[in-house]
Amino acid sequence: MTQPTSAKAIVVFDIDGVVRDVSGSYRRAIADTVEYFTTQAYRPTPLDIDQLKSEGVWNNDWEASQELIYRYFETQEQTREQLQLDYDAIVAFFQSRYRGPDPNNFTGYICNEPLLLQSSYLEQLTQAGIAWGFFSGATRASANYVLEKRLGLQSPVLIAMEDAPGKPDPTGLFATVRLLENDFDKTSIIVYVGDTVADMYTVEKARDLNPDRTWIGVGVLPPHVQETAARGDAYGETLQKAGAAVVLNNIQELTPRQIQKLVS
C-alpha cells in the first residue's frame, strides 16, 4: 500500500505527449496538413514542429499548422495578406487525417497512439491521497477517446479545448483545480505536468495570477525527442528554462514519493 503524502497535492496532467504519444498522430497530421497546403513544397520535420512549439504560444495544432504554412510562404516572399488562408479548411483537412473522415467513428491516426501510462499508475496516486485530473488543448472527443475508451477511466475530471482558452492562459488549469478541490482544502499544492513550453508558461501565469497557492511545473520528454540523448537533453533544458522544476522521461516516474519531494 502506498503511504499517503503528508502535504496534500493536486496533480493535473496534460494529455498529448504525457498520457499518449502523439508523434505519429497529431504531429504527423500537422506535417500532412502543411504539406498539403503548400502543394507538397514543404513538409515540416519533427524538429521544425518542436522549434515552433518552443515559442510557447502554438499549443493548438490547427493554429500551429496554419502558422507553419504562413511561414513557408513568407520564405517565398508572399505575405499573409496575399494568402488569406482558409482556417476552417485547414482544420477540416487536419481532422480528416487525425480523427478520420467520420467524426463519430475514429479511424485516423488517433487509433494508433501508444499509451504512456497505465490506469494502475493513477490508482497509486488515489491510494496516496493525491487528487488528479486533466487539462488539455485536445478536443473533448479526442481526450475522452484516450481517457475513457483506451484507459478505461470513468468520467475523469477533464478540461478540454472547448472548455477554456488555449494555453498558456491558465483559465483551464484553474477550472480543473476547482473541480478537484471538493475533497481538498484550498491550501493543496498544485502540480501541472506537461511536455511543452506552453505548459510550463501556463504554470508561471497561474502563479502570477494566484500567488497565494503553490504551483509546480513538471516537464515530461515526449517520446520523439528521446531518440537521441542530445535531442532529449536540449528539449529538457528548454522545459527547465520555461519553468519546469524537474523533467522526467516518462510520467510514471512521478510517483507519490516523487510528488512528496516536490511539494515538501
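Just above sits the structure.
To start, this report covers the structure provided alongside it. (Residues numbered from 1 in each chain as written. Predicted model: local features only at pLDDT ≥ 70, side-chain atom pairs only at ≥ 80, totals over all residues. Heavy atoms only, no water.)

### Observations regarding unusual backbone geometry
Thought 1: The residue after lysine 167, namely proline 168, is reached through a cis peptide bond having omega 15 degrees.
Thought 2: Of note, proline 168 is situated in the loop between strand E3 (158–159) and helix H8 (171–180).
Thought 3: Non-glycine residue glutamine 40 carries a positive phi angle of around 65 degrees.
Thought 4: With respect to the element layout, glutamine 40 can be found in the loop between helix H1 (26–37) and helix H2 (46–53).
Thought 5: Unlike most non-glycine residues, serine 155 shows phi in positive territory, near 45 degrees. (Helix = DSSP H or I, 4+ residues; strand = E, 2+ residues; numbered from the N terminus.)

### Thoughts on the sheet that holds strand E6 (residues 246–248)
Thought 1: The strand order across the open sheet built from 6 strands is E3-E2-E1-E4-E5-E6, with neighbouring strands paired in parallel fashion. Looking along the sheet, the strands with just one partner apiece sit at the ends: E3 and E6.
Thought 2: Summarising the sheet, strand E5 (residues 215–220) and E6 pair through 3 bridges and their orientation is parallel. When the sheet's bridge partners are listed, valine 218 is paired in E6 with valine 246.
Thought 3: Lying on the sheet, H8 is in contact with strand E1 (9–13), strand E2 (131–135), E3, strand E4 (189–194) and E5; it crosses E2 at an angle near 150 degrees.
Thought 4: Contacting E2, E4 and E5, helix H9 (residues 197–209) crosses the sheet at an angle of about 175 degrees to E5. (Pairing = 2+ DSSP bridges. Contact = heavy atoms within 4.5 Å. Axes fitted to C-alpha atoms, helices over the stretch in contact; angles between N-to-C directions.)

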